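Listed below are the residues making up each chain.
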Amino acid sequence: MTELLQYEFMRRALIAAVLVGLVTPVIGTFLVQRRLALLGDGIGHVALTGVALGLLTSTSPVLTAAVVATLGAILMELVRVRTRASGEVALALLFYGGIAGGVLLINLTPGASNATLTSYLFGSVSTVEEQDLWFVGALAVGVVAVVALFGRELFVLCQDEEVARAHGLPVRFLSVLLAVTAALTVVIAMRVVGVLMVSALLIVPVAAAQQLTRSFRVTMGLAVLIGLFSSLGGLTTAFYADLAPGATIVILALAVFCVAVAVGGLLNRRSRKGAPDTRETAGADAAGTMPQTDRGRVKQ
């Protein structure tokens, strides 16, 4: 580990990996709960257009990616709400428009090459600069602040949009807020795993945590631990084994998911074996097993 810390670019990469491992599972938990698992992929493709725009205009690609991804997330919500297009169609528009715009702008950029595009498609932690790190850190703080301020409202929205509307919550605002927060999270993870694999860190740690727990908060906390383990473990493995960091991180996250599935299945079988068999007594005295009521109120 000390050898890894001797290199400045690896110290920056480790900080970026910590930020990615912390933030992506937090937002991913909300996305999975709302059945928007592919949103990260769509926004990632739009972020690629922002990267290409930054290279074309000689500005920070991370900054332009954040702006374009945010606008794309807002546009997706507007298309979904104001037109007859479903969420899947809106995501498809993000997919195709984003990748086409990115490739087109990259080809128009003087001095840009396929290697430049590949570094953003699949991640390149060795190219993370100090200014990128500060900007990504600011984005991470913003994402955490949004969850801290609107976490409960977003939870209700992700559970049931109609229930959230019935409780008087600003559903449209919260939907746009979640999409924008997801867009910023994609930009945070883009430099580590690349835009094509960023959705994996949003979804896989959450899916792994769900195999072991059913509580929303516990799932989020466990997903963050899995995300941190995958990011740091994958980056360290890639350094010593000379592998692609982004792919290694995703593969490690998938390996954790497979282990979680096996452990979760074992725990479920044990719980079923230990549960008392109530089939024989279910019909014996049904009245005695029901709570006694007095005008609809349950007696304690």
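Keep in mind that this is a model prediction, so the values were computed, not measured. (Residues numbered from 1 in each chain as written. Predicted model: local features only at pLDDT ≥ 70, side-chain atom pairs only at ≥ 80, totals over all residues. Heavy atoms only, no water.)

## Quick notes on the layout of surface pockets
Looking at the largest pocket, its volume works out to about 190 Å³. Lining of the largest pocket is provided by Phe30, Val147, Gly151, Arg152, Phe155, Phe216, Arg217 and Met220. Within the residue set of the lining of the largest pocket, elements represented by two or more residues are helix 7 (130-159) and helix 11 (216-241). No other element matches helix 7, which puts 4 residues into the lining of the largest pocket. In terms of residue class, the lining of the largest pocket is made up of 5 nonpolar, 1 polar and 2 charged. (1 Å grid on protein atoms, 1.4 Å probe; cavity = no way out; pocket = protein on both sides within 12 Å on 5 of 7 lines; lining within 4 Å. Points joined across faces, edges and corners; volume = space filled by probe spheres on them. Helix = DSSP H or I, 4+ residues; strand = E, 2+ residues; numbered from the N terminus. Nonpolar A, V, L, I, M, F, W, Y, C, P; charged D, E, K, R; others polar.)

## Things to note about the packing of helix 10 (residues 198-210) against helix 11
Relative orientation of the contacting elements helix 10 and helix 11 amounts to 125 degrees, with a least axis distance of 8 Å. Judged by the angle between their axes, helix 10 and helix 11 are oblique. Crossing angle aside, the handedness with which helix 10 passes helix 11 is right-handed. Every residue of helix 11 that contacts helix 10 at Leu201, Pro205, Val206, Ala208, Ala209 and Gln210 is listed here: Thr219, Leu222, Ala223, Ile226, Gly227 and Ser231. Here the residues of the contact of helix 10 with helix 11 sort into 8 nonpolar, 4 polar and no charged. (Axes fitted to C-alpha atoms, helices over the stretch in contact; angles between N-to-C directions. Parallel < 35°, antiparallel > 145°, perpendicular 65-115°, else oblique. Left-handed = near helix turned anticlockwise from the far one by under 90°. Contact = heavy atoms within 4.5 Å.)

## Quick word on the pattern of salt bridges
With the rule as written, the count across this model stands at 4 salt bridges. Residue Glu161 pairs with Arg34 through a salt bridge whose shortest N-O separation is 2.5 Å. Here the residue Glu161 occupies a position in helix 8 (residues 161-166), and Arg34 occupies one in the loop between helix 2 (8-33) and helix 3 (39-56), the gap between them amounting to 127 residues. With a closest N to O distance of 3.2 Å, Glu162 and Arg165 form a salt bridge. Taken together, the residues span about one helical turn, with Glu162 and Arg165 both in helix 8 at a distance of 3 residues. (Salt bridge = Lys/Arg side-chain N within 4 Å of Asp/Glu carboxyl O.)

## Here's the deal with the packing of aromatic side chains
The geometry of an aromatic ring pair comes down to the distance between the two centres and the angle between the two planes. If you walk through the whole model with that rule in mind, you get 4 aromatic pairs. Plain terms: the ring middles of Phe150 and Phe173 are 5.8 Å apart, the flat faces sit at 70 degrees to each other, and that makes the pair edge-to-face. Highlighted residues: Phe150 in helix 7 and Phe173 in helix 9 (residues 171-193), separated in sequence by 23 residues. By relative accessible area, Phe150 is classed as partly exposed at 26%. Where Phe155 meets Phe216, the ring centres are 4.8 Å apart and the plane angle is 65 degrees; that geometry is what we call edge-to-face. Placement of Phe155 in helix 7 and of Phe216 in helix 11 is noted, with a sequence separation of 61 residues between them. The class for Phe155 is partly exposed, based on a relative accessible area of 30%. On the accessibility criterion, Phe216 (17% relative accessible area) is buried. Following the ring pairs from residue to residue traces out a cluster consisting of Phe30, Phe155 and Phe216. (Phe/Tyr/Trp six-rings, centres within 6.5 Å; stacked < 30°, edge-to-face > 60°. Buried < 20%, exposed > 50% of the residue type's maximum accessible area, 1.4 Å probe, protein only.)

## Details of the environment of Ala183
Along the chain, Ala183 falls in helix 9. Residues Ala183 and Val68, spaced 115 residues apart in sequence, show a C-alpha to C-alpha distance of 9.0 Å. Setting aside chain neighbours within four positions, we find Ala183 in contact with Ile43, Ala69, Thr70 and Ala73.

## Quick look at the packing of helix 2 against helix 9
Working note: a packed helix pair is described by the angle between its axes plus the distance between those axes. Look at helix 2 against helix 9: their axes get within 9 Å of each other, and the N-to-C directions meet at 150 degrees. One element, helix 2, and the other, helix 9, form an angle in the roughly antiparallel class. For the pair helix 2 and helix 9, the crossing hand works out as left-handed. Of the residues in helix 9, those touching helix 2 at Ala16, Ala17, Val20, Val23, Thr24, Ile27, Phe30 and Leu31 are Leu178, Thr181, Ala182, Thr185, Ile188, Ala189 and Val192. For the contact of helix 2 with helix 9, the class distribution of residues is 12 nonpolar, 3 polar and no charged.

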